[in-house]
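A closer look at the structure
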Amino acid sequence: MTTRKLVVGPGALVCQESQLTGNVSIGSGCVLHPKSCIIADVGPIVIGRNNIIEENVVIINRQKMPLIIGDENLFEVGAYVEGARVGSRNIFESRSRVVGATTVGNNCVIGIGCQTEVNETLSDCTVIFGGQLDRRLAKPDLTQMAVHARHLDYLRATLPKFNRMRPIA
Amino acid sequence: MELPVITYKRSEYIETDTGNKIHRQCLIGGGQNIMLGGKTIIQPNCVIRGDLCRIGAGHSVVVVGIGRYCLLGTGSVIRPPYKVYRGAFNYYPIKIGDHVVIGEGTIVEAASIGSFVYIGKNCVIGRFAIIKDCVRIEDNTVIAPNTVVSSFSVYAGSPGVWVDELPESTQEVYEAQSKDQYAKFIARE
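Residues numbered from 1 in each chain as written. Chains lettered and ligands numbered in written order. Predicted model: local features only at pLDDT ≥ 70, side-chain atom pairs only at ≥ 80, totals over all residues. Heavy atoms only, no water.

All right, on to unusual backbone geometry then. In this model, B:Ser158 is joined to B:Pro159 through a cis peptide bond whose omega is -5 degrees. Checked against the element boundaries, B:Pro159 lands in the loop between β23 (153–156) and β24 (161–165). One non-glycine residue, A:Lys35, lies in the positive phi region at around 70 degrees. With respect to the helices and strands, A:Lys35 occurs in the loop between β4 (31–32) and β5 (37–47). If you check the backbone angles, A:Asn50 has positive phi at about 55 degrees while not being a glycine. Here A:Asn50 lies in the loop between β5 and β6 (52–53). (Helix = DSSP H or I, 4+ residues; strand = E, 2+ residues; numbered from the N terminus.)

Structure representation (structure tokens):
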């Protein structure tokens, strides 16, 4: 495991069992569960503030350009994000896939097991759902942000009790 | 259907007094909150999140309860579901019955799973779903959050819907299968 140029913001929780390789910068207040995996072997990955990254999530940058992820995103178990740019307040549900050089806007939801197309741009508030990858536009859900804030509070209180945390330099 | 004998290296698995066999490469968070009924096999790279417990529920609560003769396939994830209730964010316990098979790569965030349940590979069981006894979930199914799956049903698709019903003998068949499976999971010297 190489930790070259790993930058972690203040107040972020990074579990010891998470795998971080390459040039990764994690914003303040992020929570990385054990077994999450961020691979920046080619280009750097810059993650904003207050993101939750759960188990078996893979965030990988295959391009030279930096992969920039905004604030307050939720990456659920087994999500896979390649992408070129990810906005803020998105939800990537279990086993969703963002592939190629896709750009994701703000307030998007990629449903369970859903996948984006290669190299597309998702406009704000896009919801991808169901087995047929149906799409529609949703109104931004303000309650979701309150839930996310409480989720973060919960994880900050609970995770360090049971998991070993990576010391933040 | 005759199951093949599967052998494993004794050093790869931890065997408990009650006959649970847990692979060493599993991620068990909050072990004191996990209860295994005995004779359960947990295969490599499983994730069981006992650490996501309810705040204010006191010490040594059972967050993940798993019954007897269960099989958790390679890479499956068992994590408690969360919700906001009366303004408080909390994770809630997950209960899994006896003779339950959870396939490879399946993600389970259910509230409860009954006994004699077969869940296929690469499924996602949504938050607070309730699966009753004697149920079969086919491979690659997505059970939507808060779904209640009734007994003797077969679910498939995304989102998972009822496709078929199971015969009355399901309980005996699944019980015999899971016991057979455990008996044929033998350590090699």
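Having seen the structure, we can now continue with the description.
For the rest of this paragraph, the subject is the state of the cysteines. Counted by the stated rule, this structure contains zero disulfides over all chains. Of the cysteine sulfurs around A:Cys114, a residue in no disulfide, the closest is that of A:Cys108, at 13 Å. Here B:Cys134 stays free of any disulfide, with the sulfur of B:Cys70 as its closest cysteine sulfur at 13 Å. Note on B:Cys134: relative accessible area 4%, which makes it buried. (Disulfide = S-S within 2.5 Å. Buried < 20%, exposed > 50% of the residue type's maximum accessible area, 1.4 Å probe, protein only.)

Below, the discussion takes up the sheet that holds strand β19 (residues 130–131) of chain B. Residues and elements named next belong to chain B. Taken together, the six strands give an open sheet; going across it, the order is β5-β8-β13-β16-β19-β22, and neighbouring strands pair in parallel fashion. Single-partner strands in this sheet number two, and they are β5 (34–38) and β22 (148–149). One ladder, built from two bridges, connects strand β13 (residues 94–96) with strand β16 (residues 112–113); its direction is parallel. When the sheet's bridge partners are listed, Lys 95 is paired in β16 with Ser 112. (Pairing = 2+ DSSP bridges.)

Contact with chain B, which involves 33 residues of that partner, is made by 24 residues of chain A. A buried area of about 2,200 Å², summed over both sides, lies between chain B and chain A, and 60% of it is on carbon and sulfur atoms. The three residues of chain B that bury the most area against chain A are B:Leu27, B:Asp51 and B:Phe89, which together make up 22% of that side's buried surface. Counting across the interface, chain B meets chain A through four salt bridges. Close ionic contact of B:Arg79 with A:Glu54 constitutes a salt bridge, the shortest N to O distance being 3.3 Å. Our count for the chain B to chain A interface comes out at eleven residue pairs in polar contact (both at pLDDT 80 or more). Within the residue set of the side of chain B that touches chain A, elements represented by two or more residues are β7 (47–49), β11 (82–85) and β12 (88–91) of chain B. With three residues, β12(B) is the single largest residue contributor to the side of chain B that touches chain A. When grouped by side-chain class, the residues that make up the side of chain B that touches chain A number 15 nonpolar, twelve polar and six charged. (Contact = heavy atoms within 4.5 Å. Buried area = accessible area lost by both parts, 1.4 Å probe. Salt bridge = Lys/Arg side-chain N within 4 Å of Asp/Glu carboxyl O. Polar contact = N/O pair within 3.5 Å; in protein donor to acceptor, adjacent residues only side chain to side chain. Nonpolar A, V, L, I, M, F, W, Y, C, P; charged D, E, K, R; others polar.)

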